[in-house]
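Close look at the chain arrangement
Spelled out, the chains give:
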Amino acid sequence: NAGVMQNPRHLVRRRGQEARLRCSPMKGHSHVYWYRQLPEEGLKFMVYLQKENIIDESGMPKERFSAEFPKEGPSILRIQQVVRGDSAAYFCASSPQGSGNSPLHFGNGTRLTVT
Amino acid sequence: DQQVKQNSPSLSVQEGRISILNCDYTNSMFDYFLWYKKYPAEGPTFLISISSIKDKNEDGRFTVFLNKSAKHLSLHIVPSQPGDSAVYFCAASGKGGKLIFGQGTELSVKP
């Protein structure tokens, strides 16, 4: 997992607060994907971004969730007004190209706990 | 709508024997399949992949088999080692690069 950096590793928020999760892709990678893993479940796709563009957000909840990948700096997944059901591990992955035939490289995740 | 399914949540194997992990998919448009390995508190690590134009890909102790007509793939690990104990996810992708993951199978290799 070396290369894709996520921070913080652990994040505790009270209900109603905002959570900001950061992801720096591997060097040379311009495609970023966010996944969520709920307890006892697999990884669910949330959003796919390229620099300054959202390519596919079909897995994002319609409200409270947003993502960006600016020209400079890390990709940010923002969750507004968090609820207990948002507690999960959030993984970021990157790839050098957006085609389907290259593996994604994952970070070690941010574990969000909503109290 | 689970497009990629791993029906066995867990598998226990003796060290030195073969581990076989199975995965089924429903979308015939998938053209690339991957296996990832995940340890607790870490992100998934890429293990091996196979294109839909092939039926087998081998890398050391790991072999992936693809049966397109059955929409089924499997990962064989031989010989299994205690360090292989982890959760294994199969994943599939079509256009656009996003991966669809199965629920995972927890492999335990007993010494």
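This section reports on the structure supplied with the text. (Residues numbered from 1 in each chain as written. Chains lettered and ligands numbered in written order. Predicted model: local features only at pLDDT ≥ 70, side-chain atom pairs only at ≥ 80, totals over all residues. Heavy atoms only, no water.)

This paragraph deals with the overall build of chain A. Secondary structure assignment for chain A yields 0 helices and 11 strands. Written out in order from the N terminus, the α and β elements of chain A read β-β-β-β-β-β-β-β-β-β-β. In terms of overall size, chain A behaves like a compact globule, its C-alpha atoms giving a radius of gyration of 13 Å where 115 residues would be expected to give roughly 13 Å. Projected onto its principal axes, the C-alpha coordinates of chain A cover approximately 40 × 25 × 25 Å. In chain A, the share of contacts with a sequence separation of at least 24, taken over all contacts with a separation of at least 6, comes to 52%. (Helix = DSSP H or I, 4+ residues; strand = E, 2+ residues; numbered from the N terminus. Rg over C-alpha atoms; globule rule 2.2 N^0.38 Å. Contact = heavy atoms within 4.5 Å.)

Secondary structure summary: chain B contains 0 helices and 11 strands in total. In chain B, the succession of helices and strands from N to C terminus is β-β-β-β-β-β-β-β-β-β-β. Taking 13 Å as the expected radius of gyration for a compact globule of 111 residues, we find that chain B reaches 13 Å, a close match to that expectation. For chain B, the spread of C-alpha atoms along the three principal axes comes to 40 × 30 × 20 Å. The proportion of buried residues among the 111 residues of chain B is 45%. Relative to all contacts within chain B whose residues are 6 or more apart in sequence, the contacts with residues 24 or more apart total 54%. Here chain B contributes 12 positive and 10 negative side-chain charges, whose respective centroids are spaced 4 Å apart. (Buried < 20%, exposed > 50% of the residue type's maximum accessible area, 1.4 Å probe, protein only. Lys, Arg positive; Asp, Glu negative; His and termini not counted. Charge placed at Lys NZ, Arg CZ, Asp CG, Glu CD.)

Taken together, the 22 residues of chain B in the interface contact 25 residues of chain A. Between chain B and chain A, the buried area comes to about 1,700 Å², and carbon and sulfur atoms account for 53% of it. Our count for the chain B to chain A interface comes out at 1 salt bridge. Between aspartate 56 of chain A and lysine 98 of chain B there is a salt bridge; the shortest N-O distance is 3.2 Å. Of all the elements, strand β4 (residues 32-38) of chain B adds the most residues to the side of chain B that touches chain A, at 4 residues. Its residues placed into classes, the side of chain B that touches chain A shows 9 nonpolar, 9 polar and 4 charged. (Buried area = accessible area lost by both parts, 1.4 Å probe. Salt bridge = Lys/Arg side-chain N within 4 Å of Asp/Glu carboxyl O. Nonpolar A, V, L, I, M, F, W, Y, C, P; charged D, E, K, R; others polar.)

Glancing now at the sheet that holds strand β1 (residues 4-5) of chain B. Residues and elements named next belong to chain B. Ordered by their spatial adjacency, 5 strands build an open sheet running β1-β3-β8-β7-β6, and the pairing between neighbours is antiparallel. Here the strands that pair on one side only, and so sit at the sheet edges, are β1 and β6 (56-59). Strand direction decides the pairing type here: strand β3 (residues 19-25) and strand β8 (residues 72-77), joined by 6 bridges, are antiparallel. Bridge pairing in β8 links leucine 21 to leucine 75. (Pairing = 2+ DSSP bridges.)

In the structure shown here, the tally under the stated rule is 12 aromatic pairs over all chains. Of the aromatic side chains, those joined through ring pairs into one cluster are Tyr35, Phe45 and Phe106 of chain A together with Tyr36, Phe46, Phe89 and Phe101 of chain B. (Phe/Tyr/Trp six-rings, centres within 6.5 Å; stacked < 30°, edge-to-face > 60°.)

Residues and elements named next belong to chain A. At the junction of asparagine 7 and proline 8, the peptide bond is cis and its omega measures out at 0° in the coordinates. Mapped onto the fold, proline 8 is located in the loop between β1 (5-7) and β2 (10-13). Located in the positive-phi region is glutamate 52, a residue other than glycine, with phi close to 70°. Mapped onto the secondary structure, glutamate 52 falls in the loop between β5 (43-50) and β6 (53-56).

A few words now on the pattern of salt bridges. Residue and element names in this part refer to chain B. Scanning all chains against the criterion turns up 6 salt bridges over all chains. One salt bridge connects arginine 61 with aspartate 84, and the closest N-O pair in it is separated by 2.8 Å. On the criterion of sequence distance, the pair formed by arginine 61 in the loop between β6 and β7 (62-67) and aspartate 84 in the loop between β8 and β9 (86-93) is long-range, its members being 23 residues apart.

Okay, the sheet that holds strand β8 (residues 75-79) of chain A next. The strands that make up a sheet are held in pairs by hydrogen bonds between backbone atoms, and each pair lies either parallel or antiparallel. Residues and elements named next belong to chain A. Strand order in the open sheet formed by 4 strands is β1-β3-β8-β7, with antiparallel pairing between adjacent strands. In this open sheet, the two edge strands, each paired with only one partner strand, are β1 and β7 (65-68). Strand-to-strand twist in this sheet, taken as the mean axis angle between neighbours without regard to direction, amounts to 15°. As paired elements, strand β3 (residues 19-24) and β8 share 5 bridges and run antiparallel to each other. Its bridge partner being in β8, arginine 20 is matched across the sheet by arginine 78. (Axes fitted to C-alpha atoms, helices over the stretch in contact; angles between N-to-C directions.)

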